[in-house]
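What follows is each chain in one-letter form.
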Amino acid sequence: YESIGVLREIPHPEYDGNSNDNNFMVVILDRKSPVDPVCIADSSTTLNVGEDLTVMGLGLTESWNVPTELQETQVQYMTNTECGDRYSNEYLDDSYLFNEY
């Protein structure tokens, strides 16, 4: 566990608070961390169904709480079609990455 202050938050320029589209931001820390940076996949990355992924963020937890500390967990990737079959949701679109936790 380490605590680092935030100098600046830069939200995605197309973030939509109503739909949560583009719900991510760049955070500028006030000092360097000894922990290796997170690697972000680009559009050429191929994900396989059932593949273990590490996700990090401040989104709602399973108990519907909003954390105040960065959370990290392992999930398994599933296709958008598979997710749509399991969870009927009018807000699902191709911008989401679906997982089973």
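Residues numbered from 1 in each chain as written. Predicted model: local features only at pLDDT ≥ 70, side-chain atom pairs only at ≥ 80, totals over all residues. Heavy atoms only, no water.

*Asks:* What exactly am I supposed to notice about the overall build of the protein chain here?
*Replies:* From N to C terminus, the protein chain includes one helix and five strands. Counted from the first residue to the last, the protein chain has its helices and strands arranged as β-β-β-β-α-β. The 101 residues of the protein chain split such that 9% are buried. In the protein chain, of all internal contacts separated by at least 6 residues, the share reaching a separation of at least 24 is 33%. Summed over all atoms, the accessible surface of the protein chain reaches about 8700 Å², with 50% contributed by carbon and sulfur. (Helix = DSSP H or I, 4+ residues; strand = E, 2+ residues; numbered from the N terminus. Buried < 20%, exposed > 50% of the residue type's maximum accessible area, 1.4 Å probe, protein only. Contact = heavy atoms within 4.5 Å. Areas by Shrake-Rupley, 256 points an atom, 1.4 Å probe, with all protein chains shown as cover.)

*Asks:* For this particular structure, what's the right way to read unusual backbone geometry?
*Replies:* With glycine set apart, most residues show a phi of negative sign, and most peptide bonds adopt trans. A positive phi angle, near 60 degrees, is found at Asn22, a position not held by glycine. For Asn22, a relative accessible area of 27% corresponds to the partly exposed category. For Trp64, which is not glycine, the phi torsion reads 65 degrees and is therefore positive. The topology assignment puts Trp64 in the loop between strand 3 (52–57) and strand 4 (71–78). When its relative accessible area of 66% is taken as the criterion, Trp64 is described as exposed.

*Asks:* How should I be thinking about the environment of Ser33 in this particular structure?
*Replies:* By the secondary structure assignment, Ser33 is in the loop between strand 2 (25–29) and strand 3. Separated by 29 residues in the primary sequence, Ser33 and Ile4 place their C-alpha atoms 7.9 Å from one another. At 2.7 Å, the side chain of Ser33 and the side chain of Glu2 are in polar contact. Here Val35 takes part through its backbone nitrogen, which lies 3.0 Å from a polar atom of the side chain of Ser33. (Polar contact = N/O pair within 3.5 Å; in protein donor to acceptor, adjacent residues only side chain to side chain.)

*Asks:* Teacher, can you tell me more about the confidence of the model for the protein chain here?
*Replies:* When pLDDT is low, close inspection of the predicted coordinates is not appropriate. Summary statistics for the protein chain give a mean pLDDT of 81 and a share of 86% for residues scoring 70 or more. Confidence, read as mean pLDDT per element, is least for strand 5 (residues 98–100) in the protein chain (58) and greatest for strand 1 (residues 6–11) (94). (pLDDT = per-residue confidence, 0-100.)

*Asks:* When you look at the environment of Asp52 in this model, what are you seeing that I'm missing?
*Replies:* Structurally, Asp52 can be placed in strand 3. Filtering out sequence-adjacent residues up to four positions away, Asp52 remains in contact with Gln74, Val75 and Gln76.

*Asks:* Got a minute to help me understand the environment of Asp16 in this structure?
*Replies:* Its place among the elements puts Asp16 in the loop between strand 1 and strand 2. Judged by its relative accessible area of 30%, Asp16 falls in the partly exposed class. A polar side-chain atom of Asp16 sits 2.8 Å from the main-chain amide nitrogen of Asn18.

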